[in-house]
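Residue strings, one per chain:
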Amino acid sequence: MVSPSQILASPQESWHQIADFRSDLALRTKCGLDKSLPCRFVDRLNHAGTSVRLPEAIAQALAEVRSTVSPHLSFTAPPLATGCALERYDFIGPKAAHDFIRIGLFTGIHGDEPAGPIAATRLLAQLIRQPHLATGYHLTVYPTINPHGLAAGTRHDEAGFDLNREFWKESSRPVVKLLEQELRAARFQGIIALHADDTCEGLYGYAHGRLLNEELLRPALRASGQHLPMDQRPLIDGFAADEGVIHFCFPGVLSAPADQHPAPFDIILETPAKAPDDLQAAAMVDGVLAILAEYRRFIAFGGDL
Ligand SMILES: [Zn+2]
């Protein structure tokens, strides 16, 4: 039996067509693949898009995840008008007594921050090995939101936009429009964005002025702190900070629709960009896992948050 991780999408196919291809066998037949062989179709596609080559470390790690057999993982890549595709990995953990908690994890929105996509890939690989870490969770991971930027090593996208200032303001950027649709449809209960900052002295995060976010961010920073120091300054990135927690929020950052109630938890985790990517990624993975563990405790104790 072929794993859902091997559900592959051609950039020519629409999002809805891709969603229909949940039958592994049908897809493999469609792809003309020998059903007894590992699916290599993905290797012939550059999944960030036809015109973009991602940095090798990211491309290779993602290709490995896609080719790993796991009943928990599926992959789609709806195409964008820019010649890229929006890579999306859905990891559905083992069942719990409650409904699946839907979490969106977003990385690579700034192309000069490769640690996020590496962390997202490592997280998926770890969850494939240890699915119990995501028990009760449905994680949707978007590791390479700005593939042109990642390929060029630039913060901005190919048209010079900072994509993380474009949300919910009728942006012209195709990936922002598609992500807004995804955010509306999924109604995530939690949104986690991973970033790196080349001006900070250590780990910190944005809690957007909400207590729940802060209660999740602090354990995430503690877990990440096993790998990298915390930024203890009272002023980070120009904002007042309290032990690495900033309450301010930029307008236009990737977030849930304003009319979503109850609002999801919404956390931005920042690593020091000058630290080795490996350490940043390790800090990010442990930070995300800490958020999942902590939010599960909230659900268990608090019921509907
Ligand atoms: Zn960033």
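**Student:** Just checking my understanding: could you explain the overall build of the chain for this structure?
**Tutor:** Tallying secondary structure elements over the chain gives 8 helices and 10 strands in all. Of all 305 residues assigned to the chain, the portion counted as buried reaches 47%. Long-range pairs, those at least 24 residues apart, make up 76% of the contacts in the chain with a sequence separation of at least 6.

**Student:** Please explain the pairing of strand β10 (residues 265-272) as it appears in this structure.
**Tutor:** The two faces of a sheet get side chains in turn, since along a regular strand they alternate between them. With 8 of its 8 residues buried, β10 lies for the most part within the structure. Of the two faces of β10, the one carrying F265, I267, L269 and T271 and the one carrying D266, I268, E270 and P272 are both buried. Where strand β5 (residues 190-197) and β10 come together, 8 bridges link them in parallel fashion. When the sheet's bridge partners are listed, L194 is paired in β10 with L269. Sheet analysis places strand β6 (residues 204-206) next to β10, joined by 3 bridges and oriented antiparallel. Of the residues in β10, the one forming a bridge with Y206 is I268.

**Student:** Hey, could you run me through helix α6 (residues 174-186) in this one?
**Tutor:** Helix length check: α6, at 13 residues, gives a terminal C-alpha distance of 18 Å against a target of 18 Å (1.5 Å per residue), a fit within 8%. Taken residue by residue, α6 has V175, V176, L178, L179 and L183 as its buried positions. Here the buried residues of α6 occupy an arc of 165° about the axis, which is enough to place them on one side. Pointing more than 90 degrees away from the buried face of α6 are the exposed residues Q181, R184 and A185.

**Student:** I would appreciate a short explanation of the sheet that holds strand β2 (residues 88-92) in the present structure.
**Tutor:** One key point about sheets: their strands pair by backbone hydrogen bonds, in either a parallel or an antiparallel sense. Across the sheet, 10 strands lie side by side as β1-β2-β4-β3-β5-β10-β6-β9-β8-β7; this open sheet has mixed pairing. With partners counted over all chains shown, the strands left at the sheet margins are β1 (73-76) and β7 (235-236), one partner each. Lying over the sheet, helix α4 (residues 115-129) contacts β1, β2, β3 (101-106), β4 (137-142), β5 and β10, oriented at roughly 135° with respect to β5.

**Student:** Explain unusual backbone geometry here, please?
**Tutor:** Most of the time, phi is negative for any residue but glycine, and the peptide bond is trans. Residue P262 follows H261 across a cis peptide bond; omega there is -5°. If you trace the backbone, P262 turns up in the loop between β9 (245-246) and β10. Residue E170 is not a glycine yet carries a positive backbone phi of 55°. Examined against the element boundaries, E170 turns out to sit in the loop between α5 (147-152) and α6. For E170, a count of 8 C-beta atoms within 10 Å translates into the label exposed. Positive phi is not limited to glycine here, since E243 has a value of about 50°. Tracing the backbone shows E243 in the loop between β8 (239-242) and β9. Given 12 C-beta atoms within a 10 Å radius, E243 is considered exposed.

**Student:** What am I meant to see in the environment of T135 here?
**Tutor:** For T135, the position within the fold is in the loop between α4 and β4. Of the residues examined, T135 has 15 C-beta atoms within 10 Å and is grouped as partly exposed. Taking the C-alpha atoms as reference, T135 lies 9.6 Å from A293; in sequence the two are 158 residues apart.

**Student:** How should the packing of helix α7 (residues 211-224) against helix α8 (residues 277-302) be read in this particular structure?
**Tutor:** Packed helices, taken two at a time, are described by their axes: the angle between them and the distance between them. Where α7 meets α8, the closest approach of the two axes is 7 Å, and the angle between their N-to-C directions is 140°. The orientation of α7 with respect to α8, classified from their angle, is oblique. The crossing of α7 and α8 is right-handed. Counted together, L216, P219, A220, L221, A223 and S224 of α7 and A283, M284, D286, G287, L289, A290, I291, E294 and Y295 of α8 form the full contact between these two elements. Tallied by class, the residues present in the contact of α7 with α8 amount to 11 nonpolar, 2 polar and 2 charged.

Cut-offs applied
Per chain, residue numbering runs from 1 following the sequence as it is written. Thresholds applied to this predicted model are a pLDDT of at least 70 for local features of residues and 80 or more for the giving and counting of side-chain atom pairs; totals over whole chains, interfaces and linings are not thresholded and use all residues. Secondary structure elements follow DSSP: runs of H or I no shorter than four residues count as helices, runs of E no shorter than two count as strands, and numbering proceeds from the N terminus. Partly exposed residues are those whose C-beta has more than 12 but fewer than 20 other C-beta atoms within 10 Å; 20 or more makes a residue buried and 12 or fewer makes it exposed, with C-beta atoms placed from the backbone. C-beta atoms are first placed from the backbone for all residues, and any pair lying within 7 Å is then listed as a contact. Whether two strands pair comes down to DSSP finding at least two bridges between them. A helix is expected to span 1.5 Å multiplied by its residue count minus one. Comment: arc refers to directions from the helix axis out to C-beta atoms. Every axis in this analysis is a line fitted to C-alpha atoms, fitted for helices over the stretch in contact. Angles between the N-to-C directions lie between 0 and 180 degrees. Reported orientations rely on four angle classes, namely roughly parallel under 35 degrees, roughly antiparallel over 145, roughly perpendicular from 65 to 115, and oblique for the rest. For any helix crossing, the convention is left-handed if the near helix is rotated counterclockwise from the far helix by under a right angle, and right-handed if that rotation is clockwise. Each residue receives one of three labels: charged for Asp, Glu, Lys and Arg, nonpolar for Ala, Val, Leu, Ile, Met, Phe, Trp, Tyr, Cys and Pro, and polar for the others, Gly being one of them.

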